[in-house]
Amino acid sequence: MTDTLKAARRIVVKVGSSLVTNEGRGVDEQAVDNWCRQLAALAKDGREVVMVSSGAIAEGMKRLGWTKRPKELHELQAAAAVGQMGLAHVYETKLREHGMGSAQVLLTHADLADRERYLNARSTLLTLLTLKVIPVINENDTVVNDEIKFGDNDTLGALVANLIEADAMVILTDQKGLYTADPRKDPQARFVDVAQAGAPEPERMAGGAGSSIGRGGMLTKILAAKRAARSGASTVIAWGREPDVLIRLAAGEAIGTALIAPTQKMAARKQWMADHLQLRGAVVIDTGAVAKVQLQGKSLLPIGVIEVQGEFHRGDVIAVLSPAGVELGRGLANYGSSEARLIARKASSEFERLLGYTGEPEMIHRDNLVLS
């Protein structure tokens, strides 16, 4: 892992709310300045760096005089709108002081779920990096609802790593890294220096949320590393107040917990499909189709579909489920849900009679199917 980060040219750094806002007391300008100094040093060393920063809601709460995180969506969005002003200002000021340009980029899941907007976001970020500008990314909390939320900025960081095909992701948090158990409760807990991203053991070790300010806990970071690994990016989880943590990591020093990506980078089109967090529907397939899709790499034919769930259109990304309901993968539907229900369990020779026209023989072509 030390060699991976040392060789990484494109790095996503994610920092959590408790660090950015000093446990909710407002944006910690000294801490932000410290990270910006390190980001600038990496950029001047020829690295391309992106910052994914939490803290807008917490800063807004402080500016509004709220001591308890609200539960109502409109109040959370109001806090985000107020806090985003302060957060963006501090990053812009500190990066400029260290000789770097900055840009604020606000994203929602809807931006990445739509293929055209996904490509637009990718092009914008890559252009900013070419211009030696450091993007500071946050979820656009002022417009999102539960249907289009990423859920937490750990997930957003992983999606950004996939979006720009980053070599590595660094998650800065208020913990040293991953332990075999919660060290605050179990004195026998051991620190985990390295593990494989996506392996079941790290997920079992991770617990719940560790802060009243942020929404993420260690488990969200482990799952984010798993998602980032799908595009070939390894992840380090480290304490955000470790002196010069980013510079030392980039120099090859072993700090925090390293979660190694076991796979090569996924093709961009398939990565886009894999990154859909919310799906419009699914198809359940029989055991014969499971074998053909999983073991033989075949396309999914309508004759293997035993149930159609939800309402979706041609071209939507849908899940492929086993008879037991386990997600096997996801892909682009050649038929909408109403048409799929008509041709399920039917051979392609019957399509014209059932639909009034002859379309593709596959429900999902293998080139448009990514397995879990």
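Cut-offs applied
Residues numbered from 1 in each chain as written. Predicted model: local features only at pLDDT ≥ 70, side-chain atom pairs only at ≥ 80, totals over all residues. Heavy atoms only, no water. Helix = DSSP H or I, 4+ residues; strand = E, 2+ residues; numbered from the N terminus. Buried < 20%, exposed > 50% of the residue type's maximum accessible area, 1.4 Å probe, protein only. Contact = heavy atoms within 4.5 Å. Areas by Shrake-Rupley, 256 points an atom, 1.4 Å probe, with all protein chains shown as cover. Pairing = 2+ DSSP bridges. Axes fitted to C-alpha atoms, helices over the stretch in contact; angles between N-to-C directions. Parallel < 35°, antiparallel > 145°, perpendicular 65-115°, else oblique. Left-handed = near helix turned anticlockwise from the far one by under 90°. Nonpolar A, V, L, I, M, F, W, Y, C, P; charged D, E, K, R; others polar.

Focus on the overall build of the protein
- Counting its secondary structure elements, the protein contains 15 helices and 13 strands.
- The principal-axis extent of the C-alpha atoms belonging to the protein is close to 70 × 45 × 40 Å.
- The proportion of buried residues among the 372 residues of the protein is 51%.
- Pairs at least 24 apart in sequence give 73% of the contacts found in the protein among residues at least 6 apart.
- A total accessible area of about 16600 Å² is found for the protein, and carbon and sulfur atoms account for 50% of it.

Quick look at the sheet that holds strand S9 (residues 281–285)
- Taken together, the five strands give an open sheet; going across it, the order is S10-S9-S11-S12-S13, and neighbouring strands pair in mixed fashion. This sheet does not close on itself; its edge strands, each paired only once, are strand S10 (305–310) and strand S13 (369–371). Averaged over all neighbouring strand pairs, the angle between strand axes comes to 25°, with direction disregarded.
- Pairing of strand S11 (residues 317–321) with strand S12 (residues 327–332) involves five bridges; the strand directions are antiparallel. Bridge assignment links Ala 319 to a residue of S12, and that residue is Arg 330.

Observations concerning the packing of helix H3 (residues 29–44) against helix H5 (residues 73–97)
- For the pair H3 and H5, the least separation of the axes is 9 Å and the interaxial angle reads 45°. In terms of orientation, H3 and H5 fall into the oblique class. In this structure, H3 meets H5 at a crossing whose hand is right-handed. Here Glu 29, Val 32, Asp 33, Trp 35 and Cys 36 of H3 come into contact with H5, specifically with Val 90, Tyr 91, Lys 94, Leu 95 and Glu 97.
- Of the residues contributing to the contact of H3 with H5, the split by class is six nonpolar, no polar and four charged.

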